[in-house]
Amino acid sequence: MRTKDEMTKPGGDPIKNLAVPRAIAATRGEKISRTVARLVAKTIADDRLEPGAALPSEQEMANNFGVGRASVREGLRLLEAQGLVTVRQGLGGGPSVAEPTGAAFGDTMSMYLQVNDIRLAEVVEAVIQMEGLTAALAAERVARGEITDPDELESLDAHDHDVETHREFIETAVGFHDHLRQIAGNYIIALVGSALAHLFSDRAIVAHPNAWSEQERTLFSDAHAEIGRAIRAGDAATARELATAHVRESVAMTLGGHPTILQDRVDWK
């Protein structure tokens with residue numbers, strides 16, 4: 001991984017490369033700020049910069065790119081809006097690499113859903129199908145012998161019954177599905193699945209009472225345990241069926257007496 005100091009040394013890095021001014025000059029049909037954003041994103045990817053890594057200052061980028069500082073600032077704002085960069089103001093601030101999350105991607109996705117007048121019911125159906133796919137992919141990886149770390153499979157054991165507070169229960173239940181997305185072995189599916197889950201939970205979780213009943217907790221725990229057993233057995237068809245049924249039941253429990261929320265438009269938040 002390259003440090004901020006290494007990134008500002010001559011040669012090697014796109015931000016310092018002499019080809020950069022030529023690249024910017026060649027994109028006359030594109031806003032300079034967008035070109036700057038693309039080049040910064042490329043640097044993050046090429047140098048494998050991890051979340052938290054410092055980027056050159058706005059002035060350094062302006063000098064290196066041969067563009068105005070306003071164009072750099074606008075380019076960074078584009079990246080910040082997509083959850084790829086964080087810009088802190090004041091002493092010790094400046095741009096740094098952010099950690100891309102499903103929640104940030106979901107917020108961006110919600111803009112597209114809003115302008116197309118998409119209702120929450122369509123998001124819910126996508127969540128249901130995506131969770132089934134995720135469970136099936138995880139089981140297929142087990143069947144092919146691609147998951148060899150015992151901790152990955154041990155994490156499928158249901159622990160919902162071990163928690164005490166409402167927050168702990170929610171975090172454990174959500175964590176189970178987050179783990180499924182990780183072991184499914186496909187970053188794109190994990191990202192989209194996480195984004196869809198965020199779109200649903202962020203809007204519907206408020207419809208459920210503050211406390212989940214013991215019966216509801218047991219239903220969650222039993223369903224997670226069944227899904228885990230199917231995945232460990234490498235049974236993709238059963239894992240998909242169980243996960244799909246579980247998420248449908250979870251949606252029904254979450255919405256409770258507020259089914260009309262499914263007809264709400266997904267607005268950008």
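Description of the structure in this document. Because the structure is predicted, anything quoted here is derived from the model rather than measured.

A word on the pattern of salt bridges. Scanning the model with the defined rule gives 12 salt bridges in all. Taking the shortest distance from any N to any O, the salt bridge between E125 and R248 comes out at 3.2 Å. Note that E125 is positioned in helix α7 (residues 120-143) and R248 in helix α12 (residues 236-255), a separation of 123 residues in sequence. According to the relative accessible area criterion, E125 is partly exposed, its value standing at 32%. Overall, R248 belongs to the partly exposed group, its relative accessible area being 40%.

Let us now look at the layout of surface pockets. Its boundaries defined by the atoms lining it, the largest pocket holds a volume of some 580 Å³. Every residue lining the largest pocket is counted, 23 residues in all, and those nearest its centre are V174, R181, A197, F200 and S201. Listed by contribution, the elements that provide at least two residues to the lining of the largest pocket are α7, α9 (166-183), α10 (187-204) and α12. Residue contributions to the lining of the largest pocket peak at 7 residues, all from α9. The residue makeup of the lining of the largest pocket, split by class, is 13 nonpolar, 7 polar and 3 charged. Volume-wise, the second largest pocket comes out at about 330 Å³. Lining the second largest pocket we find 13 residues, and of these P100, Q182, Y187, A190 and L191 sit closest to its centre. Elements supplying a minimum of two residues to the lining of the second largest pocket: α9 and α10. For the lining of the second largest pocket, the element with the most residues is α10, which contributes 4 residues.

What counts, and where the lines are drawn
- Residues numbered from 1 in each chain as written.
- Predicted model: local features only at pLDDT ≥ 70, side-chain atom pairs only at ≥ 80, totals over all residues.
- Heavy atoms only, no water.
- Salt bridge = Lys/Arg side-chain N within 4 Å of Asp/Glu carboxyl O.
- Helix = DSSP H or I, 4+ residues; strand = E, 2+ residues; numbered from the N terminus.
- Buried < 20%, exposed > 50% of the residue type's maximum accessible area, 1.4 Å probe, protein only.
- 1 Å grid on protein atoms, 1.4 Å probe; cavity = no way out; pocket = protein on both sides within 12 Å on 5 of 7 lines; lining within 4 Å.
- Points joined across faces, edges and corners; volume = space filled by probe spheres on them.
- Nonpolar A, V, L, I, M, F, W, Y, C, P; charged D, E, K, R; others polar.

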